[in-house]
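Results of the structural survey
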Amino acid sequence: MTVYFGLNFDDRVYPESSIQVPKGGIQYFGPQSFLYFLEAHLGLIGHSPDNEYLRVEQYRQFLRTYLHEHPATFFAKAFEADQFATAIDLLQRRDELLLAGWDFSFSNTLPSRLQVLAAVEVSIRSSEAGQIAMGWADRMHAVLEVLPDRELPLQRLIHREPVELLPPVWQRLITILKRKGVQIEAIDISHNVETTDLGRLKEALTSPPSDTHQKQALQGDGSLLLLCAKRETDLATFLAQLFQQNPSFRPVCLIPDKSQTLDNALVQEGLPSLGIAPTSLARPSLQVLKLVTTFLWKPLDPYKVMEFVSLSIKPLEDELSYRIATQIAQTPGLKGEGWRKMIGRYFGELRERAAIKKGIAVTAIQEQYSFWFDRNRYDIQQKAPKTEVLGIFQRLRSWAFELYEEQNSENASLLVLSEQARKICELLQALPEAELTHLELERIVRTIYEAAPAQVTPPQKGHLPYVHHSTAFVQTIPDLLWWNFSQAEPDHFFSRWYGVERTYLAQQGCELSTPVSENALLIWQRKQAILSTTNRLVLVIPEQVNGQTVFAHPLLSDLEANFEGLEQCEWHLDKPSTRATWQQHFQLPTKKALTSYQLGKPKSFITLDDSQRLGERTAETFSSLSSMFYYPYKWVFKHKIRLQKSPILSVVPDQTLMGNLSHRFFEGLLQEDIYTMSKEEVAQWIDSVQRQLLEREGAVLLMYGREPERVGFIQRLKFSAWSLVELIQQNGWTVEGVEVPLEATHWGITIKARADLLLKRGEERAVIDLKWRGARFREQMIRNEEDLQLVLYAKLLAGTSDWAHTAYFIMESGKMIARNELAFRGIRSVSKEVDHQEVNQRIWDRMGATFQWRMQQVREGAIEIRCTQTQQELDELYGADLLDVLEMKSEDAPFDDYRTLINLIN
């Protein structure tokens, strides 16, 4: 048998027939497949190739035992900071020593760190509880141990990399095979000296450096071409069209990053798909794995819960998930008043649908919801029982596998998710700890969590050949297209071994890889794709990949250092003048300029004919009336046509959240007996309810790192709450109600509202509107007689002979703002000398006149569009008609969701 071996032959190899249809007696192996071949013929099979997570945990336990007996060991501090990361690093060191041939013999002459590793290994081998599971290094070590005394059906080994550059373990293997009579050869890919641009580049890459080096001039003969652009998507589209128009050009594609960008572009142009299976951690099914532990802890992390319920694949019913996401976006917490109403409404509707339509598993959906949201949760600073964690991942494993079978789909990521959940369960069961901290659990999940390859489109007949590594060739290549010729190589920093350790190991005959040898192998590998190309090389060089700037491949520096006149070979897609050389060799795609259309300008009116006329509504709120008064088109779009924007599924900004929370605090406080409360008692009440309220509706402020904002918010709240309570006490008011619904009939319609706070003093009443911030703005509204909301509330109060007092209370600063001091002494009064009843009546009359005027326009089919661009035209059109109505606005509508519909686009 003949074996072709390369360090990168476990993946795709060119030509493809080498792998897909092996010739008789010839095999192509990389490190993984070659090890399995050796084990199979030496009788050593049966070890799991995917057990590294268990080995890390087993080694961690031995390290922990050693550390207990030797607390001053060199890895003590690292182990205290991150046990799993430390175990991973030390296990890699142990495996490296095993592959180097060290027997871990303990002696007092050993360097200190080697003494520790030897002592740990001795404890492993003598342990009655069993050794650590066999990993790749152990399996390879076992092969090397028995190979000299066994026979293999192997006559020739043809290696891709030079023997002297291979890692030491492969050099040892080749030495043993040579002693056994196996013929060892190197793959011969000749590099002929050529006079082309490509030939001179190959010569420059293989020639030793010279003190008299001079740059050569490129001819632009088409053998070396550079294709550049800002974005890789532009390059992919261009290349797909290039292949379409030049069917004889079929290069081998080198795609190191396994990107689907080029493949997607080929499919869009109707060309055969490459069938690349990209690896990604961003798949929704895999995201579930790291999000499920969120439900174990308190305080809740609303952002992670939002991610969980927003995933396309999750162990929760879709409609329920959407409603939960919408609720958390507004009130980030669990089990608040709004939450309970939402859940009750959902399951009520679900039962009604289930009574009509069969197949809706109400009980299963309820059980799903209960499992995630009604479960025990533990303080994130403490620990959670391991049994609770196991329950979560066992459920996740079962759900993923059942969903895969139920859908009978090819969504392999569900199987990967089930397998990764199984691994976590297996790892948890191997843990000696009965409880886990938040950080320990996150580390366990991170140990298992890995990307899964997914093949969106299978390879199609006639697709371009491709590989993923520069050395994945067993013969020369006529044409090569190097996709994304950018830096994608691992970083090598320093040796993990001290000099004294290397010296000792070398004396024992143990050779370790060094940064020098690793770098030499890397330099050799990166050139091979170019050296293997005989006819034409195309280097594709984007400036950005996935929106991020990338560095050019290191070989581009060699190209620039050895040659001048690169512009002879280069074409930048954004610079058409640079494509001369390309035009000589290809039929090039052409850019088509898209026709630009001038967006229209806002018109003053939307005119409806008789068949489109809009009727009146039977009820209005202040919000809808405000739109009608100032921006009628918003009233029509929102309240008549019912064009509603979808809720933004993101947690509300802090200022909005604090305003909402302040309302909830004040609502609860004002229902208490506040008339004898002291400042300290108000503060104590807030302290007594804050934890529960924040968990239900403001969990964002309980998250780690948010303590300064939370403390500052509560302090402001205490000051503000006492300011309001003190004003009520000193001015003889009593609380008649909070969140009081108001309703009355005016102008022929029913008007509905809800007052934040309603106070009573004898026959007097006062309506207080609670606002989080904006004291100066509210003061200006009162001064300009634009406090329409307060006037509306006062008018809607039944049983009052006079106008009720009105005021704004700013919760952020604890300030009361009113037109005068008749209701509250010592506050910020805006117009003391003005009769507030007269002003309120004047505002009310204008509101009525404005309503009648706007409704007449609607009945006539004229819907006004008021914005900055139409304001002057509208004012000139109306003239004196505006004297009896509210003063119109001169600026665009704030928070306008309909700007696109009226052509108001910047």
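So, here's what we can say about the structure. (Residues numbered from 1 in each chain as written. Predicted model: local features only at pLDDT ≥ 70, side-chain atom pairs only at ≥ 80, totals over all residues. Heavy atoms only, no water.)

1. Quick word on helix 2 (residues 31-42)
Between its terminal C-alpha atoms helix 2 stretches 16 Å, which fits the 16 Å expected from twelve residues at 1.5 Å a residue. Burial in helix 2 covers these residues: Pro31, Phe34, Leu35, Phe37, Leu38, Glu39 and Leu42. Residues of helix 2 that are buried make contact with strand 1 (2-5), strand 2 (26-29), helix 7 (136-146), strand 3 (156-159) and helix 8 (168-179). Within two residues after helix 2, Gly43 carries a phi angle of roughly 75 degrees, on the positive side. (Helix = DSSP H or I, 4+ residues; strand = E, 2+ residues; numbered from the N terminus. Expected span 1.5 Å × (residues − 1). Buried < 20%, exposed > 50% of the residue type's maximum accessible area, 1.4 Å probe, protein only. Contact = heavy atoms within 4.5 Å.)

2. Let's talk about the nonpolar core
In terms of nonpolar packing, the biggest core is built from 168 residues, with Phe34, Trp102, Ile324, Phe373, Phe393 and Ile768 touching the most fellow members. A per-element tally of this core places helix 28 (residues 707-730) first, with nine residues. Beyond its immediate sequence surroundings of up to four residues, Phe373 is in contact with Phe295, Val305, Val309, Leu316, Ile324, Leu334, Lys335 and Trp339. If you look at the next biggest cluster of nonpolar residues, it comprises 51 residues, including Met628, Leu788, Ile843 and Ile865. (Core = buried A, V, L, I, M, F, W, Y, C linked by side-chain atoms within 4.5 Å.)

3. A short note on the pairing of strand 26 (residues 815-818)
Taken together, the four bridges between strand 25 (residues 805-810) and strand 26 define a ladder with antiparallel strand orientation. When the bridges of strand 26 are listed, Ala807 appears paired with Ala818. Here strand 25 folds back onto strand 26, and the loop between the two strands holds four residues, one of which, Gly814, carries a positive phi near 70 degrees. Across two bridges, strand 26 lies against strand 27 (residues 828-829) in parallel orientation. Bridge assignment links Ile817 to a residue of strand 27, and that residue is Arg828. (Pairing = 2+ DSSP bridges.)

4. A few points about empty space enclosed by the protein
As enumerated under the stated definition, the model contains three cavities of 30 Å³ or more in all. Volume-wise, the largest cavity comes out at about 100 Å³. In this structure, the largest cavity is lined by 13 residues; those nearest its centre are His805, Thr806, Ala818, Arg819 and Asn820. Mapped onto the lining of the largest cavity, the elements with two or more residues apiece are strand 24 (764-771), strand 25 and helix 31 (836-859). (1 Å grid on protein atoms, 1.4 Å probe; cavity = no way out; pocket = protein on both sides within 12 Å on 5 of 7 lines; lining within 4 Å. Points joined across faces, edges and corners; volume = space filled by probe spheres on them.)

5. Topic: the sheet that holds strand 2
Pairing in this open sheet of four strands is parallel, and the strands run 2-1-3-4 from one edge to the other. Of all the strands in the sheet, just strand 2 and strand 4 (183-186) have a single pairing partner and so form its edges. Each strand axis lies, on average, 20 degrees off the axis of its neighbour in the sheet, ignoring direction. Judged from the four bridges that link them, strand 1 and strand 2 form a sheet pairing that is parallel. Across the sheet, the residue bridging to Val3 is Gln27, located in strand 2. Sitting on the sheet, helix 2 touches strand 1, strand 2 and strand 3, and the angle it makes with strand 2 is about 125 degrees. Against the sheet, helix 8 makes contact with strand 1, strand 3 and strand 4, and its axis sits at roughly 135 degrees relative to strand 4, the strand it touches most. (Axes fitted to C-alpha atoms, helices over the stretch in contact; angles between N-to-C directions.)

6. Focus: a nonpolar patch on the surface
Side chains of Ile641, Leu643 and Leu901 sit close together on the surface and give an oily, nonpolar patch of about 260 Å² of accessible area. Topologically, Ile641 is positioned in the loop between helix 25 (632-640) and helix 26 (654-669). With relative accessibility at 45%, the residue Ile641 sits in the partly exposed group. (Patch = residues over 30% accessible without salt bridge, like charges linked within 9 Å, V, L, I, M, F, W, Y side chains within 5 Å. Areas by Shrake-Rupley, 256 points an atom, 1.4 Å probe, with all protein chains shown as cover. Salt bridge = Lys/Arg side-chain N within 4 Å of Asp/Glu carboxyl O.)

This is a description of form; function is not addressed.
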